[in-house]
Amino acid sequence: MSWINLSALWKIVVFGLVAGAGLPALFAGGLYTLSWGPRTGKLATAGADGGEDSDALVGGNVLGMVLAAIAFLIVLAAIGWGIYEVYQIGHPAVKK
Amino acid sequence: MLVLVVITALCFDFTNGFHDTGNAMATSIATGALGPRTAVAISGVLNFVGAFLSLAVAATIASGLVDTKVVTLTVVAAGLAGGIIWNLVTWLFGIPSSSSHALIGGVIGSVMAASGGSAVLWKGLVSKVILPAVFSPLIAGLVAAVGTWLLYRISRSMTEGARKHGFRIGQIGSACMVSLAHGTNDAQKTMGVITLALIANGTLAAKSNAPIWVIVCCALAISLGTYLGGWRVIRTLGKGLVEIESPQGMAAESASAAIILLSSSFGYSLSTTHVATGSIIGTGLGKKGAEVRWNVAGRMATAWIFTLPSAAIVGAAAEALAHSIGGTLGVVVDLIILAALAGFIYYRSRGSKVDHNNVNAEWTGGVAPEPAETVAA
């Protein structure tokens, strides 16, 4: 055992960036495409989707909504997979 | 005797949850994404779940830091006393110090008092505790800064209202992940200590994993502590360091969750507190024009440096006292002193109360908001 486990450190930085900054960025991308369309504009009125006009999330553009759904699904899948991995690593089947 | 030690350990776990709710939920509460009481309730539940998720850190505490051969129940009790006292003192001042370091410091102090420095596995201490403590806030800060920059960049053409609304939802998700991560890391520490006590008592063989009832009790204690909420620490983290907007909150929490989960699975018992603080500062650096209150950050860093040695000194003193009285009585005397101190600290805290009513009041330099607001609440 060395003093600094460089390979673990390196992994934490890289995976940390991918999961800790990449996933929220993907979520942001989803929010952005979701807002495409006429309904989130500055002149939007409080419509059928309810709530104040200013914080409407869904713009109404179909392509935007599809892209957003894909982005959100990837984020959720990545979280689920991450939790599963942690569970696997954290419960060694047989302990010496 | 064993029962006493286990109860003390669970008390520590309780203060741990109490102290660390802030790490997960401070930014959500500060941006208004979650109501304060909802936030602590969710966090409590997820801490419970997280406690079952990974056992890697418990293994480190139970076998990687001190020579298990010299550990007696008295030593464990004295170490816990050191950890609890330090947690309560820092809570009184609203300083988010590391509960992990408090615990580890306490145990190391009492081991040294009992059987000298050679019983401490210094190499394990440095490579699994001290170095991660130095690196983790830096890495978390970096990840949070990058995340913050990306989020603002991607969302810059969205309307202000949509952005705020959208990222609040994201923030709730990421805050939940931090709570989960906290359970995987911090609940483990107490499990590790109880396992250590069981090994010392001969109930378990050396290098055993934590038995299931230990996991359940620890999960419960930490959830309860979390639910009751350390409002003082939440306030420092959420309002004191950086004024946070919801995209920043999400970036900070995602960074914390990712780093804590990754490190937990490598068995590093890092401090969720250090990571969360690093992330929050990082998110202040990642946004143009945001202001980091470096004096508050500096005060925290100072407390961090002192955490290990101070808790060690208290742990050592408790061990020396218990040893000089001897036997179960020694431990009982320790615990009575501990309870008295805890009561005193609680009494002091009433003077400048911070609770879910005033946790978000404007930062005026001190931990507790101006008294007028407290009276109104």
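### Details of the overall build of chain B
For step 1, the next point in the chain: Helix and strand counts for chain B come out as 14 helices and zero strands.
For step 2, the next point in the chain: For chain B, the succession of helices and strands along the chain, N to C, is α-α-α-α-α-α-α-α-α-α-α-α-α-α.
For step 3, the next point in the chain: Taken across its 377 residues, chain B has 64% of its residues classed as buried.

### A closer look at the overall build of chain A
For step 1, the next point in the chain: Scanning chain A from terminus to terminus reveals two helices and zero strands.
For step 2, the next point in the chain: By the burial criterion, 29% of the 96 residues in chain A qualify as buried.
For step 3, the next point in the chain: Across chain A, contacts joining residues at least 24 apart in sequence account for 55% of those joining residues at least 6 apart.

### Notes on the packing of helix 1 (residues 2–31) of chain B against helix 7 (residues 160–200) of chain B
All names here are of chain B.
For step 1, the next point in the chain: Closest axis-to-axis distance for the helix 1/helix 7 pair is 9 Å, and the angle between their directions is 165°. Compared by their axis directions, helix 1 and helix 7 come out roughly antiparallel. Note on packing geometry: the crossing formed by helix 1 with helix 7 is right-handed.
For step 2, the next point in the chain: A breakdown of the residues in the contact of helix 1 with helix 7 according to their chemical character gives 14 nonpolar, nine polar and four charged.

### A short note on the packing of helix 1 of chain B against helix 11 (residues 272–286) of chain B
Residue and element names in this part refer to chain B.
For step 1, the next point in the chain: Contact pair helix 1 / helix 11: the axes reach a minimum separation of 8 Å and the direction vectors enclose 25°. The angle between helix 1 and helix 11 falls in the class roughly parallel. For helix 1 against helix 11, the interelement crossing comes out left-handed. Residues D20, N23 and T27 of helix 1 lie in contact with helix 11, whose contacting residues are T272, T273, A276 and I280.
For step 2, the next point in the chain: A class-by-class count of the residues in the contact of helix 1 with helix 11 yields two nonpolar, four polar and one charged.

### Digging into the environment of T72 of chain B
Residues and elements named next belong to chain B.
For step 1, the next point in the chain: One can find T72 in the loop between helix 3 (56–63) and helix 4 (73–92).
For step 2, the next point in the chain: Taking the C-beta count within 10 Å as the criterion, T72 has 20 such neighbours and is therefore assigned buried.
For step 3, the next point in the chain: Note: C-alpha distance between T72 and F18 (54 residues apart in sequence) is 28 Å.

### Here's the deal with helix 7 of chain B
Residues and elements named next belong to chain B.
For step 1, the next point in the chain: For helix 7, with 41 residues, the first-to-last C-alpha span of 58 Å sits near the 60 Å given by 1.5 Å per residue.
For step 2, the next point in the chain: At G183, helix 7 shows its maximal kink, close to 30°.
For step 3, the next point in the chain: Counting buried residues in helix 7 gives 36 out of 41 residues, a clear majority hidden from the surface.
For step 4, the next point in the chain: Positive backbone phi, at 85°, marks G202, one or two positions downstream of helix 7.

### Points about the nonpolar core
For step 1, the next point in the chain: With 131 residues, the main nonpolar core has V76, V143, A197, C218 and I259 of chain B as its most contacted residues.
For step 2, the next point in the chain: Counting residues per element, this core draws most heavily on helix 7 of chain B, at 17 residues.
For step 3, the next point in the chain: Not counting residues within four places of it along the chain, the set of residues in contact with V143 of chain B comprises G16, L17, G20 and A21 of chain A together with A255, A258, I259 and G282 of chain B.
For step 4, the next point in the chain: Core analysis: the second largest hydrophobic core is formed by five residues, I95, V296, M300 and A303 of chain B among them.

### A short note on the confidence of the model for chain B
Residue and element names in this part refer to chain B.
For step 1, the next point in the chain: With 86% of its residues at a pLDDT of 70 or more, chain B shows a mean pLDDT of 77.
For step 2, the next point in the chain: The spread of mean pLDDT over the elements of chain B runs between helix 14 (residues 371–376), the lowest at 36, and helix 10 (residues 246–265), the highest at 85.
For step 3, the next point in the chain: A low-confidence stretch, residues 370–377 (pLDDT under 50), is modelled with eight contacts involving residues beyond four sequence positions or located in other chains.

### Structural notes on helix 1 of chain B
All names here are of chain B.
For step 1, the next point in the chain: For helix 1, spanning 30 residues, the distance from its first C-alpha to its last is 44 Å, which sits close to the expected 44 Å at 1.5 Å a residue.
For step 2, the next point in the chain: Most of helix 1 is tucked away: 26 of the 30 residues are buried.
For step 3, the next point in the chain: Just downstream of helix 1, G32 is the residue with a positive phi angle, here 80°.

### A few points about the environment of G124 of chain B
Residue and element names in this part refer to chain B.
For step 1, the next point in the chain: With respect to the secondary-structure elements, G124 resides in helix 6 (residues 122–154).
For step 2, the next point in the chain: For G124, a count of 15 C-beta atoms within 10 Å puts it in the partly exposed group.
For step 3, the next point in the chain: Separated by 59 residues in sequence, G124 and L65 place their C-alpha atoms 5.5 Å apart.

The rules behind the values
- Residues numbered from 1 in each chain as written.
- Chains lettered and ligands numbered in written order.
- Predicted model: local features only at pLDDT ≥ 70, side-chain atom pairs only at ≥ 80, totals over all residues.
- Helix = DSSP H or I, 4+ residues; strand = E, 2+ residues; numbered from the N terminus.
- Buried ≥ 20, exposed ≤ 12 C-beta atoms within 10 Å, placed from the backbone.
- Contact = placed C-beta atoms within 7 Å.
- Axes fitted to C-alpha atoms, helices over the stretch in contact; angles between N-to-C directions.
- Parallel < 35°, antiparallel > 145°, perpendicular 65-115°, else oblique.
- Left-handed = near helix turned anticlockwise from the far one by under 90°.
- Nonpolar A, V, L, I, M, F, W, Y, C, P; charged D, E, K, R; others polar.
- Expected span 1.5 Å × (residues − 1).
- Bend = angle between axes of the 7 residues up to and from the residue.
- Core = buried A, V, L, I, M, F, W, Y, C linked by C-beta atoms within 7 Å.
- pLDDT = per-residue confidence, 0-100.

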